[in-house]
Structure formats: structure tokens, C-alpha cells
Amino acid sequence: MLNMPKTDSEQTIDTDTAMATAARKERLSVARPSRMRLVVAACFLSVASSAVHAACSDEELLISRDLASKAAASDNDTVRLLLLKRSVDECSAYPVWLELGKLQMQMDNPFDAVYAFEHAVDFQPNASNGVTPDQLLRRAIGNARLAEAYQASGELAMALVATQEAVDAFDLLKQPVPRRLVQLQARLDDAVSQSDADVMVRSIEVQQDRASRGIGVSPRLLDPVEGRDAVTETLTLLSDYSGDPVASPEELGIEIPVFDETAEADEPMRLVQPVRQETEEASPARLNIPVLFKFDSAELTDESRVTIEQLAAALARLDLDKDDTVMVIGHTDSRGTATYNMNLSRDRAETVADVLSSMLKARSADALKLQYQGRGETELRYQGEDADDHRRNRRVEVVVSQQP
């Protein structure tokens, strides 16, 4: 291997790392804190699992933080990129993965951004073990950014899944969905209505695969364990994504845990609140497709028939049998009376189900019988009142439930 001279940027990074290591040694040489302070610190590190991805030594953590600080202070993207990569190599931290992904997007490297944001999402505990509200919010932020990176890299199916998981997390937390995420969802809804069967099949298969591994399911929501500093950091990351001012936990109704102040100094601090034991439910795979009908009618437009043809091709490739179910759910916009919209949505769902069934029968003698129902305006996907919001709310939702 050629021994190439280092660039000024690489020399600067090496100097920064050496300085961080020296500073770490100096800090570790000071007197140890009291037993009580050690107990509190150990409790914080044990419950704030979103702070560190893997067990890091004090040395690795200090070097990682110093490198991340140097990256934040640099105005050179290349230097920042190298410093952030070295930071996560030393100690994998959720905020640094987010920052690395943002920088990769800024530098027009969407595939590298996907890699970084996937690490941020995977950083959070598996849903099957239960998650705290703070962990779920961090997962939502990571999925929202990941969806944008998937879209930029041409992975429409993956973008659809990541977006839906982010939206579902905000809904579960009873937090408003950021407008930026709603706008992304709208663009993806329009894109899927013009996509081919390959995208639809991939979206369904990805959802089924993730649900089988405990990802993308409705998780057991545990009582909060993070302190105010950790929650404030999460809300700052949310503000950075949404562009809205940083809200306080109280403004959003987020609980801050109350620790048992009567605990002995030699005992780990304990949470007063018990853990809620909630069951998790795996969600079936879903596709939301804006389907155009003629005005005040259940008759499909020619454009929507093309979309339904692609949907039929996708369902035919899923190897569905008599134990599996496909439900077509009709939705309307908010205009008109609730009763009228309920009837219209059911009629439109029936139309789509009938057209799909005939297309599937043409492909196979053992075509699956589709079910349908109407939901009217009870589950609006978009809350706005402009023409595009109304158009996207006039949709069919196809829910595929396959037995394992």
C-alpha cells in the first residue's frame, strides 16, 4: 500500500482526536465522585437507553462526544463527515447518526443517508420488548428522515412503510404529525397511485416481513423512564426535523418520571410508576391508494382502472389462499353529510372489490373473494380543506392479512 501524505483535513482530525484523548485522561485523573453521585449516574445511564447504542467505555464516550462537538463547529462538509463517522465508530449515538444522515442528504448521498438513518431507527429497542414514549418518539423522528432518504434513493416501497410507521408512532403518542411528514405522505400517496405492481408487492412484503420480526407493530408502551434532559434533547431533535419551535414536555403533555426520593444511597433509584402491561398487535399490510371516481358517483375513471389493474397484478403475485383475507375499505372527503358519505364510500369500495375480483378471476380460476366496507369521512388521512386534501381523502385502503 502506498504511504500517501495526509491532507490538511485528515491531519486536523488526527490532532482533534489526540487532544480529545488527552483531555479524557486529564478528566479521568481527577478525584472520583461520591457514592451517591455514582448511583445517580448509573441509574441515568441504565434508563436512558436512547443515549448510547452499545455499551461504550468512558474513554470511547468522551472521544465520541468531542468528535461530534468538533463536527458541529466545522463549516467544512468533508471534515464534518469524517468527524461524525469517527464519532459513531467510537461510540454509536442516536443524535450523531441523525446528524450524519442529514449531512449525507445535504451532500446528495441518499444511499449513505439511508444507512445512517437506518442505524438511528434500529438504535431503539425492539417493539416486542416494549418501548417508552421517548424511545417511540425517537423512532418516529428516525423513520420520518429515513422515509425521505428512501424516496431520494428511489425506494418508493420502503419510503411508504417508513412514513406509515412514523405517522403511526405520532398517533400512538397522541402527538400532532409534523406538517413536513404529512407533505411527504401526500407525495408518496400520489406516487403509489401511479406505480406498478412491483412497488405494491414490495410494500406489502416489507410490511409483512417487518411485522414478523416485531418491527412496525403496535408496541407495548411502557411508562417513561427518561429524565427531563433526555426528553428535552428528543424534543430538540423533533424541532430540528419539523422546523417548529422546541416545545416543552408540559406543552405536549409528555410525562417526566418521578423518582423515589426515599431510596437508600446504596440502592439503585427506582421508578414510582409501575410498568403498564399492554399487548402488542401485529398490523396487517396496508396500501392507501387515491382512486378517482366520477363526480358524485361510484363509477371509476379510466385513470383509476389502470391503477386497479396494477393492484390486481400485485395481489395475484402474493399467493393468497382461502385462509387469507383482502379487505377493500372505501373513504371519502369531509364534504357532504356523514350518512351520505358512509353510503358513498361503501358503494365505491364495492366497485373496486368487484373490479379487482373480475381481474383476479381472469388470472386464476381460484381467485380470492374480496371483502369490502365503507368508512365514510370517519378516518380522514388529511385534515386540510384544499382540493388536493379532498382528492387524497377519496381513497381506497387495501388491507392484506396473510396467515403465517
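Data block above holds the structure.
Reading guide: rules and limits
Here the residue numbering is sequential within each chain, running from 1 through the sequence in written order. Given that this is a predicted model, residues contribute local features only at a pLDDT of at least 70 and side-chain atom pairs are listed and counted only at 80 or more, while totals for whole chains, interfaces and linings are drawn from all residues. Excluding hydrogens and water, the side-chain values take into account all heavy atoms of the structure. Secondary structure counts use DSSP, requiring at least four H or I residues in a row for a helix and at least two E residues in a row for a strand, with both numbered from the N terminus. Here the term buried applies to any residue with accessible area under 20% of the maximum for its type, exposed to any over 50%, and partly exposed to those in between, with areas from a 1.4 Å probe on protein chains only. Here, two residues are considered to be in contact whenever any of their heavy atoms come within 4.5 Å of each other. Criterion used throughout: strands pair if DSSP finds at least two bridges between them. Where helices are involved, their axes are fitted lines through C-alpha atoms of the stretch in contact, as for all axes, and angles between N-to-C directions lie from 0 to 180°. Under the convention used throughout, the expected extent of a helix is 1.5 Å for every residue step, that is, one less than its residue count. Any pair of cysteine sulfurs within 2.5 Å is marked as a disulfide. Only centres within 6.5 Å qualify two rings of Phe, Tyr or Trp (six-membered ring in Trp) as a pair; their planes then separate them into stacked at under 30 degrees, edge-to-face at over 60, and tilted for everything else. A carboxyl oxygen of Asp or Glu within 4 Å of a side-chain nitrogen of Lys or Arg is what we treat as a salt bridge.

> Before we go on, may I ask you to explain the environment of Ala349 in this structure?
Here Ala349 lies in helix α13 (residues 338-363). Look at Ala349 and you get buried, because its relative accessible area is 0%. Ignoring any residue separated from it by four or fewer positions in sequence, one finds Ala349 in contact with Val328, Ile329, Gly330, Tyr372 and Gln373.

> Where do I start with the sheet that holds strand β4 (residues 395-401) in this structure?
Each strand in a sheet pairs with its neighbour through backbone hydrogen bonds, running either in the same direction (parallel) or in the opposite one (antiparallel). Here we have four strands laid out as an open sheet, ordered β1-β4-β2-β3, and mixed in their pairing. The open sheet is flanked by β1 (285-290) and β3 (371-374), the only strands paired with a single partner. Direction aside, the axes of adjacent strands within the sheet are offset by 20° on average. Two strands pair when backbone bridges link them, and β1 and β4 are joined in this way by six bridges, in the antiparallel orientation. By the bridge assignment, Leu287 is partnered in β4 with Val398. Packing of helix α12 (residues 302-316) onto the sheet brings it into contact with β1, β2 (325-330) and β4, and relative to β1 it is tilted by some 165°.

> Whenever I open this one, helix α7 (residues 133-152) confuses me. Can you help?
Given 3.6 residues to a turn, an α-helix orients residues that are three or four positions apart in the same direction. Look at α7: 29 Å from first C-alpha to last across 20 residues, which is about the 28 Å you get at 1.5 Å a residue. With 17 of 20 residues buried, α7 lies mostly within the body of the structure. Immediately downstream of α7, the backbone of Gly154 shows phi near 85°, a positive value.

> Mind showing me how you'd approach the state of the cysteines here?
What we call a disulfide is simply a covalent bond connecting the sulfur atoms of a pair of cysteines. Following the criterion strictly, the structure yields one disulfide and no others. The disulfide partner of Cys56 is Cys91, and the gap between their sulfur atoms is 2.1 Å. Here the disulfide of Cys56 and Cys91 is right-handed, its torsion about the S-S bond being about 100°. Here the residue Cys56 occupies a position in the loop between α2 (35-47) and α3 (58-73), and Cys91 occupies one in the loop between α4 (77-90) and α5 (94-106), the gap between them amounting to 35 residues. For Cys56, a relative accessible area of 25% gives the class partly exposed.

> Looking at this model, I keep getting lost on the packing of aromatic side chains. Mind explaining?
By the definition in use, this model includes one aromatic pair. Relative to Tyr115, the ring of Trp97 has its centre 6.1 Å away and its plane inclined at 75°; by these criteria the two rings are edge-to-face. Remark: Tyr115 occurs in helix α6 (residues 110-122) and Trp97 occurs in helix α5; sequence separation between them is 18 residues. Taking relative accessible area as the criterion, Trp97 reaches 6% and is therefore assigned buried.

> Could you clarify how one ought to interpret the pattern of salt bridges in this entry?
Pairing of side chains with opposite charge becomes possible as their charged atoms draw close. Tallied over the entire structure, the rule returns 20 salt bridges. Between Glu99 and Arg80 there is a salt bridge whose closest N-O contact spans 3.2 Å. Here the residue Glu99 occupies a position in helix α5, and Arg80 occupies one in helix α4, the gap between them amounting to 19 residues. One network of salt bridges, in which partners are shared, links Asp77, Arg80, Glu99, Lys102, Arg145 and Asp240.

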